[in-house]
Amino acid sequence: MNVKVFKTQAEIAAAAADFFCEVLLKKPNAVLGLSTGSTPMLTYEALAGRSAAGLADFSAVHTFNLDEYWGIAPEDEQSYRYFMQKRLFDKVNIRPENIHFPDGLAEDAQAECARYEAELAALGPVDLQLLGIGRNGHIGFNEPAEKMRAKCFCAELAEATIKANRRFFAREEDVPRRALTMGLGTILSAKKILMIATGENKAGAVYSMLRGEISGKCPASFLRTHGDAAVLLDEYAAALI
Ligand code: F6R
């Protein structure tokens, strides 16, 4: 994996935006894999800036997000769909019909996962997949487990993830316990992967990802099996490597 350490989060966001712009220049109808959470916020801000400056054209782009809480409506402020709308989609010239998401309100989670997987298979593979990492080493909602799932599935959030995501909700009991997520195989089928990790609370997970055994104990460690994966870190997240 190509690891780069930066001084500031703004530098990371600029470097991440460069990755996107490069892909979009080469392939205007690229398929972008996107993630949510705190980590990509500055990157989306940088991308919106590039778009405003005419340096990134989203008019032919398709996006597929990694995951969505199950049981939450797309217009709910806690949904990942809403997050993406506010943080990126409202600020760039993407066509609404080119935005792809798992439907958090689908009654039959398994059928919805199969639908999402098929939609991605028809348009994909993903040209550039943006990822964050959980403190427990998860990517998407692929939580640490003995066996990893290859395809999109309905995941149960690990206790650590519920606690980490608590900050976005009024009460801990409001944090959804399940989410629809791309599986590890789907994530790894992206042509290019870009992982960002910042802050000291990610240092342990980053160490396991880069230096630990490749196993379900740290789902992100499987990124080391990918031929074109870059990791952008700040000094805090890189402290143990
Ligand atoms: C979100 C996602 C998660 C986050 C991870 C880190 O779509 O897939 O795996 O990337 O939980 O979250 P933050 O960035 O909030 O620390």
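Thresholds applied
Residues numbered from 1 in each chain as written. Predicted model: local features only at pLDDT ≥ 70, side-chain atom pairs only at ≥ 80, totals over all residues. Heavy atoms only, no water. Core = buried A, V, L, I, M, F, W, Y, C linked by side-chain atoms within 4.5 Å. Buried < 20%, exposed > 50% of the residue type's maximum accessible area, 1.4 Å probe, protein only. Helix = DSSP H or I, 4+ residues; strand = E, 2+ residues; numbered from the N terminus. Contact = heavy atoms within 4.5 Å. Expected span 1.5 Å × (residues − 1). Near = heavy atom within 4 Å. Polar contact = N/O pair within 3.5 Å; in protein donor to acceptor, adjacent residues only side chain to side chain. Areas by Shrake-Rupley, 256 points an atom, 1.4 Å probe, with all protein chains shown as cover. Nonpolar A, V, L, I, M, F, W, Y, C, P; charged D, E, K, R; others polar. Phe/Tyr/Trp six-rings, centres within 6.5 Å; stacked < 30°, edge-to-face > 60°. Pairing = 2+ DSSP bridges. Axes fitted to C-alpha atoms, helices over the stretch in contact; angles between N-to-C directions.

Q: Looking at this model, I keep getting lost on the nonpolar core. Mind explaining?
A: Proteins that are soluble and globular tend to have nonpolar side chains buried together. Of all hydrophobic cores here, the largest spans 43 residues; its most connected members are Leu-32, Phe-58, Leu-194 and Leu-232. A per-element tally of this core places helix H1 (residues 9–26) first, with nine residues. Residues in contact with Leu-232, not counting those within four places in the same chain, are Lys-4, Phe-6, Ile-12, Ala-15, Ala-16, Phe-19, Leu-194, Met-195, Ile-196 and Ala-197. Core analysis: the second largest hydrophobic core is formed by 33 residues, Tyr-116, Val-126, Leu-233 and Ala-238 among them.

Q: Quick question: what am I supposed to make of helix H2 (residues 41–52) here?
A: Since one α-helical turn is 3.6 residues long, residues separated by three or four positions face the same way. The terminal C-alpha atoms of H2 lie 17 Å apart, and with 12 residues this matches the ideal 16 Å at 1.5 Å per residue to within 8%. The elements touched by buried residues of H2 are H1, strand E2 (31–34), helix H3 (80–87), strand E6 (128–131) and strand E9 (192–197). Of the residues trailing H2, Gly-54 is marked for its positive phi of about 80°.

Q: Help me out: how do you make sense of the site of the ligand in this one?
A: Around the ligand sit 14 residues, and of these Thr-39, Asp-67, His-138, Gly-140 and Lys-202 come closest. Interatomic distance of 2.4 Å between a side-chain N/O atom of Thr-39 and an oxygen atom of the ligand. At 2.8 Å, a backbone N or O of Gly-140 approaches an oxygen atom of the ligand. Here the ligand loses 92% of its free accessible area of 410 Å² to cover by the protein chains. Among the residues making up the shell around the ligand, the classes are represented as two nonpolar, nine polar and three charged.

Q: Just checking my understanding: could you explain the packing of aromatic side chains for this structure?
A: Geometry of an aromatic ring pair is reported as the spacing of the ring centres plus the angle between the planes. In this structure the tally under the stated criterion is five aromatic pairs. An angle of 40° between the planes, with centres 5.9 Å apart, marks the rings of Tyr-69 and Phe-141 as tilted. With Tyr-69 in strand E4 (residues 67–69) and Phe-141 in the loop between E6 and strand E7 (153–156), the pair connects residues that are 72 residues apart, well separated along the chain. Given the relative accessible area of 1%, Tyr-69 is considered buried. By relative accessible area, Phe-141 is classed as buried at 3%. Residues Tyr-80 and Phe-141 carry aromatic rings whose centres are separated by 6.2 Å and whose planes lie at 0° to one another, so their mutual orientation is stacked. With Tyr-80 in helix H3 and Phe-141 in the loop between E6 and E7, the pair connects residues that are 61 residues apart, well separated along the chain. Assessed through its relative accessible area of 11%, Tyr-80 is described here as buried. Pairwise contacts between aromatic rings join Tyr-69, Tyr-80, Phe-141 and Phe-169 into one cluster.

Q: Just to check I follow, could you spell out the sheet that holds E7 for this structure?
A: Hydrogen bonds along the backbone pair up the strands of a sheet, which may run parallel or antiparallel. Within the open sheet, the three strands sit side by side as E4-E8-E7. Their pairing is antiparallel. Strands at the two margins of the open sheet, each flanked by one partner only, are E4 and E7. Shown here is a sheet whose adjacent strand axes are inclined to one another by a mean of 30°, direction ignored.

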